[in-house]
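Understanding the architecture of this molecule
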Amino acid sequence: MEKSPHPPVLITGGARRIGLALAYSLLDKNIPVIVTFRSEYPALKVLQQRGAICLKADFSDNAGIYQFVDNLQSVAPKLRAIIHNASSWLPESPDTPPEETLAAMLQIHTYTPYLLNILLEPNLRGQGEAGADIIHLTDYVVERGSDKHIAYAASKAAQDNMTRSFAKKLAPEVKVNAIAPALVKFNADDSETYKQQALDKSLMKIEPGEQELIDAVHYLLNSRYVTGRTLGVDGGRPLR
Ligand SMILES: NC(=O)c1ccc[n+]([C@@H]2O[C@H](COP(=O)([O-])OP(=O)(O)OC[C@H]3O[C@@H](n4cnc5c(N)ncnc54)[C@H](OP(=O)(O)O)[C@@H]3O)[C@@H](O)[C@H]2O)c1
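Scope of this entry: the structure provided in the associated data block. Counting starts from 1 at the beginning of each chain's written sequence and moves along it residue by residue. The model is predicted, so local features are restricted to residues of pLDDT at least 70 and side-chain atom pairs to those at 80 or more, both for listing and for counting; the totals for chains, interfaces and linings are taken over all residues. Just so you know, side-chain values use all the structure's heavy atoms and leave hydrogens and water out.

Below, the discussion takes up the pattern of salt bridges. Note on definitions: salt bridges are taken to be side-chain nitrogens of Lys or Arg within 4 Å of carboxyl oxygens of Asp or Glu. Applying the stated rule across the entire model yields 11 salt bridges. Salt-bridge contacts for Arg125 lead to Glu121; the nearest nitrogen and oxygen are separated by 2.9 Å. A simple rule labels every residue: compare its accessible area, found with a 1.4 Å probe on the protein chains alone, to the largest value its type can have, and call it buried under 20%, exposed over 50%, or partly exposed in between. On the accessibility criterion, Arg125 (22% relative accessible area) is partly exposed. For Lys185, the salt bridge goes to Glu210, with nearest N and O atoms at 3.5 Å. A residue pair is termed long-range when its members are at least 10 positions apart, and Lys185 in the loop between β6 (174-181) and α8 (192-200) and Glu210 in the loop between α8 and α9 (211-222) qualify at 25 residues. Three or more residues joined by partner-sharing salt bridges are found here, namely Glu121, Arg125, Lys169 and Glu173. What counts as a helix is a DSSP run of H or I of at least four residues, what counts as a strand is a run of E of at least two, and both are numbered from the N terminus.

Another point: the sheet that holds strand β3 (residues 53-56). Strand order in the open sheet made by the seven strands is β3-β2-β1-β4-β5-β6-β7, with parallel pairing throughout. Each edge of the open sheet carries a strand with a single partner, namely β3 and β7 (230-233). For this sheet, the mean angle separating the axes of adjacent strands, direction not counted, is 20 degrees. In the sheet, β6 pairs with β7 via four bridges, with the strands oriented parallel. The partner of Ile179 across the bridge, within β7, is Leu231. Here helix α1 (residues 17-28) sits on the sheet and contacts β1 (9-11), β2 (33-37), β4 (81-84) and β5 (132-137); the angle it forms with β1, its principal contact strand, is near 165 degrees. Pairing between two strands requires that DSSP report at least two bridges joining them. Fitted lines through C-alpha atoms serve as axes, helices being fitted only where they are in contact, and the angles separating the N-to-C directions of these axes extend from 0 to 180 degrees. Only heavy atoms matter for contacts: two residues are in contact if any of them lie within 4.5 Å across the pair.

Patch members must show over 30% relative accessible area and no salt bridge, and they are joined within 9 Å when carrying like charges or within 5 Å when they are nonpolar side chains of Val, Leu, Ile, Met, Phe, Trp or Tyr. Accessibility throughout is a Shrake-Rupley quantity obtained with a 1.4 Å probe, and a residue counts as covered only by protein chains that appear here. There is a patch of nonpolar side chains on the surface, built from Leu203, Met204, Ile206 and Leu239 and spanning about 450 Å² of accessible area. By the element assignment, Leu203 lies in the loop between α8 and α9. A residue is classified by how much of its surface remains accessible, and Leu203, at 45% relative accessible area, is partly exposed.

Further remarks concern the side chain of Thr36. Here Thr36 is to be found in strand β2. Beyond its immediate chain neighbours, meaning those up to four positions away, Thr36 contacts Leu10, Ile11, Thr12, Gly13, Gly14, Ala15, Leu55, Ala57, Phe59 and Phe68.

Cis geometry marks the peptide bond from Ala171 to Pro172; its omega dihedral reads 0 degrees. Of note, Pro172 is situated in the loop between α7 (150-170) and β6. Phi is positive for Asn30, close to 60 degrees, though the residue is something other than glycine. Relative to the elements of secondary structure, Asn30 occurs in the loop between α1 and β2. One non-glycine residue, Ala130, lies in the positive phi region at around 55 degrees. Of note, Ala130 is situated in the loop between α5 (121-124) and β5. Residue class for Ala130 comes out buried when judged on its relative accessible area of 12%.

Here we come to empty space enclosed by the protein. Note on definitions: the grid is 1 Å and covers protein atoms alone; a cavity is a set of points where a 1.4 Å probe fits but cannot get out; a pocket is an open set with protein on both sides within 12 Å along at least five of seven lines; lining residues have an atom within 4 Å of a point. Grid points are joined across faces, edges and corners, and a volume is the space filled by probe spheres set on the points. Per the stated rule, a full pass over the model turns up one cavity of 30 Å³ or more. Quantified by volume, the largest cavity comes out at close to 40 Å³. Lining the largest cavity are Thr12, His84, Ala86, Ile108, His109, Thr112, Pro113 and Gln159. When residues of the lining of the largest cavity are assigned to their parent elements, the largest contribution, four residues, is made by helix α4 (residues 98-119).

Here it is in structure tokens:
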């Protein structure tokens, strides 16, 4: 890919599934992309061949977040957007002390976006009104709770709330929004019973796939007016 004059979009945890699909969709439009990855995936080679910058980053503690920000500064003094995609869907389990589950969920869904939004504020600002975006990928369970993923839902709810706070703080230069999906894409190990139950939870009763989130992200990036909002991509699940 030719070197672009436009600043890149940063996608956290973008080497697989939804983050990867978002990265490809931006590259398709010649928008430069920086992807963070924790584990190695074959797609990293494809991303690099297509011009993406791939930076290893582990956000499991705050030192990892600061280290990543240091590494980023030399490659991206300005950012067109941050898409907070990195996530872990950890359930409460008798094998893990509950405080460990809560700490891990708060770390990836609350500390990570909070610190990155603050530390990377200078990279986002200075590009004119509505010149940059922050997009939090949260979850439908933010409004409903989840008895099997209590810490996950709470940590995503904190992230959702930060959407409004950062929108106020960074306007009008930076728009800040959240996308709250219900089921988008099953995991490889989901059972048929689980899949059927999950499909039955929405009005639309489909596994929509990544394109719905790609469309939502591009809508937000193209908007000059929408900020501080949570966009539900949930098949009408709240109405069930
Ligand atoms: N899939 C759905 O149906 C669905 C539904 C509702 C909401 N969402 C939201 O949409 C987003 C994307 O979903 P997805 O299913 O594509 O996610 P995913 O497959 O679980 O991928 C998330 C990525 O985040 C990375 N990550 C997790 N913890 C990390 C850490 N401590 N440091 C650095 N990277 C870390 C993972 O790295 P590793 O590969 O190393 O683990 C992984 O590559 C998430 O925010 C999710 O909550 C998805």
